[in-house]
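Residue-level listing of the chains:
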Amino acid sequence: MSDIPDGWLWIIIVGFIIAFLLAFGIGANDVANSFGTSVGSKVLTLFKACVLATIFEILGAVLIGYKVSDTIRKGIIDVTPYNNSEKMLMLGNLSALTGSCIWLFLATLLRLPVSATHSIVGATVGFSLVAQGTRGVGFFKLGLIVASWFVSPLMSGLVSSGLFVLINKIVLTKDKPLKPALLLLPLFYGGTVLIICLSVLLAGGELMHFDKIPMYGKILISIGTGVLTGAGIRILVVPRLQRKLMEDSMDSSCSSDRAEVNEKLCENNDLELNVTVEIIDDHKDKTLSDLDKDGLAEFALDITSTPVGRPILTNSCTPSTINSTVALCASTPEKDDKDNIVLNEDHLPPDTRERSRAAIADKPVIIYLFTFLQILTAIFGAFAHGGNDVSNAIGPVVALWQIGNEQSVQQKSATPIWILLYGGVGISIGLCVLGRRVIKTMGSDLSKITPSSGFFIEIGAAVTVLIASNVGIPISTTHCKVGSIVMVGRVRSKDNVDWSLFKNIFLAWIITLPVSGGISALVMYLLMFTL
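All values reported here derive from a predicted model rather than from experimental measurement.

Q: How should the overall build of the chain be read in this particular structure?
A: Regarding its fold elements, the chain presents 17 helices and four strands. Across the chain, contacts joining residues at least 24 apart in sequence account for 84% of those joining residues at least 6 apart. Total accessible area on the chain stands at roughly 22,200 Å², and carbon and sulfur atoms take up 63% of it.

Q: Sorry if this is basic, but what is going on with the nonpolar core here?
A: One recurring pattern in soluble globular proteins: nonpolar side chains tend to sit buried together. L22, Y82, L89, I394 and V397 are the most contacted members of the largest nonpolar core, which totals 53 residues. Every element with two or more residues in this core is listed here: α1 (6-40), α4 (86-109), α5 (116-132), α6 (139-172), α12 (364-406), α13 (417-434) and α17 (499-527). By size, the runner-up hydrophobic cluster in this structure holds 36 residues, among which are L369, M442, I449 and I457.

Q: Is there a simple way to explain the packing of α6 against helix α16 (residues 477-492) in this structure?
A: When two helices pack together, their arrangement is captured by the angle between the axes and the distance separating the axes. Running from N to C, α6 and α16 cross one another at 40 degrees; their axes reach a closest spacing of 7 Å. Comparing their axes, α16 and α6 come out oblique. In this structure, α6 crosses over α16, and the sense of that crossing is right-handed. When α6 is examined against α16, the residues W149, S152, P153, L154, S156, G157, L158, S160, S161, F164 and V165 are found in contact with a partner set consisting of H479, C480, G483, S484, M487, V488, V491 and R492. Class assignment for the residues of the contact of α6 with α16 results in ten nonpolar, eight polar and one charged.

Q: Help me understand unusual backbone geometry in this model?
A: Leaving glycine aside, a negative phi is the common case for residues, and trans is the common case for peptide bonds. A positive phi is found at K42, a non-glycine position, where the angle reads about 70 degrees. Along the chain, K42 turns up in the loop between α1 and α2 (46-64).

Q: Which parts of the structure should I look at to understand the pattern of salt bridges?
A: Oppositely charged side chains can pair when the atoms bearing their charge come close. Counted under the stated rule, the structure contains two salt bridges. The shortest N-O distance in the salt bridge between R492 and D362 comes to 3.7 Å. Taken as a pair, R492 in helix α16 and D362 in the loop between α11 (352-358) and α12 lie far apart in primary sequence, 130 residues in all. For R492, a relative accessible area of 22% puts it in the partly exposed group. Across the pair D445 and K440 runs a salt bridge whose closest N-O atoms are separated by 2.9 Å.

Q: Looking at this structure, I do not really get the packing of aromatic side chains. What am I missing?
A: Aromatic ring pairs are defined here through the distance separating the ring centres and the angle between the ring planes. For the structure on display, the rule yields 18 aromatic pairs. Considering the side-chain rings of F16 and W401, the 6.2 Å spacing of their centres and the 85 degrees angle between planes classify their relative orientation as edge-to-face. Taken together, the residues span a long stretch of sequence, with F16 in helix α1 and W401 in helix α12 at a distance of 385 residues. Owing to a relative accessible area of 18%, W401 belongs among the buried residues under this scheme. Consider the rings of F370 and F455, whose centres lie 5.9 Å apart with planes at 65 degrees: the pair is edge-to-face. With a gap of 85 residues between them, F370 in helix α12 and F455 in helix α15 (residues 451-471) connect regions that are remote in the sequence. Residue class for F370 comes out buried when judged on its relative accessible area of 2%. Connected via pairs of aromatic rings, a cluster forms that spans F16, F20, W401, W418 and Y422.

Q: So what exactly am I meant to see when it comes to a nonpolar patch on the surface here?
A: A grouping of V130, L522, Y525, L526 and F529 is seen on the molecular surface, where their side chains present a nonpolar patch of about 530 Å² in accessible area. Per element, the largest residue contribution to the nonpolar patch is three residues, and it comes from α17. Mapped onto the elements, Y525 comes out in helix α17. For Y525, a relative accessible area of 49% translates into the label partly exposed.

Q: Mind showing me how you'd approach the environment of L431 here?
A: Mapping L431 onto the fold places it in helix α13. On the accessibility criterion, L431 (1% relative accessible area) is buried.

Q: Can you walk me through the side chain of T192 in this structure?
A: Along the chain, T192 falls in helix α7 (residues 178-204). Sequence-distant contacts of T192, defined by excluding residues within four places in its chain, comprise L376, T377, F380, F455 and I459.

Q: Could you clarify how one ought to interpret the environment of L22 in this entry?
A: Along the chain, L22 turns up in helix α1. Judged by its relative accessible area of 0%, L22 falls in the buried class. Leave out the neighbours within four places in its chain, and L22 touches L97, S100, C101, L104, I120, N392 and A393.

Reading the values: the criteria
Residues numbered from 1 in each chain as written. Predicted model: local features only at pLDDT ≥ 70, side-chain atom pairs only at ≥ 80, totals over all residues. Heavy atoms only, no water. Helix = DSSP H or I, 4+ residues; strand = E, 2+ residues; numbered from the N terminus. Contact = heavy atoms within 4.5 Å. Areas by Shrake-Rupley, 256 points an atom, 1.4 Å probe, with all protein chains shown as cover. Core = buried A, V, L, I, M, F, W, Y, C linked by side-chain atoms within 4.5 Å. Buried < 20%, exposed > 50% of the residue type's maximum accessible area, 1.4 Å probe, protein only. Axes fitted to C-alpha atoms, helices over the stretch in contact; angles between N-to-C directions. Parallel < 35°, antiparallel > 145°, perpendicular 65-115°, else oblique. Left-handed = near helix turned anticlockwise from the far one by under 90°. Nonpolar A, V, L, I, M, F, W, Y, C, P; charged D, E, K, R; others polar. Salt bridge = Lys/Arg side-chain N within 4 Å of Asp/Glu carboxyl O. Phe/Tyr/Trp six-rings, centres within 6.5 Å; stacked < 30°, edge-to-face > 60°. Patch = residues over 30% accessible without salt bridge, like charges linked within 9 Å, V, L, I, M, F, W, Y side chains within 5 Å.

The structure is reproduced here in C-alpha cells:
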C-alpha cells in the first residue's frame, strides 16, 4: 500500500469497513435464499443451516465470485470518462457501498427480503448520475440486468414447478411411493453433483487454473463425477435405505412410547411433530384400518407441526394408513342430533388458506428420502449464492483496491482471492447474527414448504443463479427463490401462497433500486466537496 497516494488511502480504508458491513447485511437478508426453505420444511435447524451456509457461502465466493464482480465493477457504468479522475471514481464506489449498505440494513430490520443485487446496481447508477450524468451509465448492460429481474423469477419458477409436477405425478402421489422414489434417488444426487461440478469448472477460471481445461474436458469431468455419484448412491445407499425402511415403522403399529415414535419418524431430520391422538370410546380398540371401514378415518386430518414437541400417542394405530397429510389418527369427533359424525369446530383451521396448507404434507417415506437431498440442494444454493452475491459486497471495494494500486480506472488485474474471502466471511457472520429475521418470511410465511417441494425449489433457483453467474449477469438470488417458492406453492394448491405477502415483497423489489440509488447519490454529492 506504500504506492497508494495519501489522499486516496482513507477512501480505501473506509471502503473496506463499509464493504464488510455491506457483506454482513447481505448475509442477514439473503440467508433466506440459501437455507430458508430447508429451515421452513424443518429438515434443518437454524444453527445447522448457519454452519453449513458459512462453509459453502465462503467456498462459492472464492471459487466462482470473481466473474460477477467484474460486471459490478466495470459492466454497469463506463469507467472511461473517469480517466485522470481516479479519485472521483473511488469516491463513487465508496458512495455505492454506503447506499447499498444502509438500504440492506433498513430492509433487514423491516424483515423485507430484498435484492442485494438491485441495491448495489441502483447505488452504482446513483453515484454515476451525480458524477458524470447519463454519460457514465451503461444503459444496455443496465437494461439486461433490469430484464433479468423479471426473467429470473419466472425462469426459476418454471424450472422448479416443472420438475415438481413431473415427480409429483410419478412419485409423490403414488399409494406406494417408495419404489419409484428409490429408483430416481441416484438420478437426483448424480444430477445435482454434475451441475455443481460443471459450475465450478466453468466459473473457476484463472483463479483455480480451470481455464486451462478444454470445454470438452470440463463436460466429461462433470458427467463422470455425476455418474459416479449416482452409481455410488445406487450401490451403497439405496439398498441400505430400503432395508431400513422395511424394518422401520412403516410395517408395524404405532407405539404409545414417545421415544420410540420419535426414533421412527424424526431421527433423520429436525422435524418434530406434535400429534395428539384421540379415539372415541366406542372405537378405542380399533386401528385406523378398522375406522376406515367404519367411515371414520376420513376425519384423520388434524395435525400440528411445530419446531418443538414430540409425538404424543394415546392409542395405537396402523402407520400404513398414514395418508398424504401425514395424519396419524383423528381428533375426537362429535355426534350431532341426527347421529351423524361431525368434526369438532375447534380443530378447524381459521381460513381457507390455512386449511389448504394443513392438507399439504409429504408422506413419511418421502420425508425420510428427501431430507438429506434437500440439505444437499441447500448447500448447492449457498454455494451459488456465495458466488453470485459476494460480488455485491466486494465489487466496489475491489475497484478501490485496484485503482489505488494501479492508479488507473481500467482495473486490469484479477480480483484478489483474499478480498473474495473477506466478503464471504462478512456474509457468513451476518447470516449467523441476523439471518433469522428474514428466514421466517421466505421459509414459511410465503408458502408452506415440505422436503420434496423444498428440493425442487432449491435446485431450480440454484441452477438459474449459477447459469447467470457463468454468463456474468448479476441476477437476484432473492427473485429466483421467491419465483420458485410461489410457482411450486401454487402448483400444490391455489390457496398455498400468501399473495398479500408476495405483493409486499414485489413492492420492496421495485423501491430497492431508487432508494439505494438515492442514498448513494446523496453521499456522492457530499463527498464531491472533498475533491
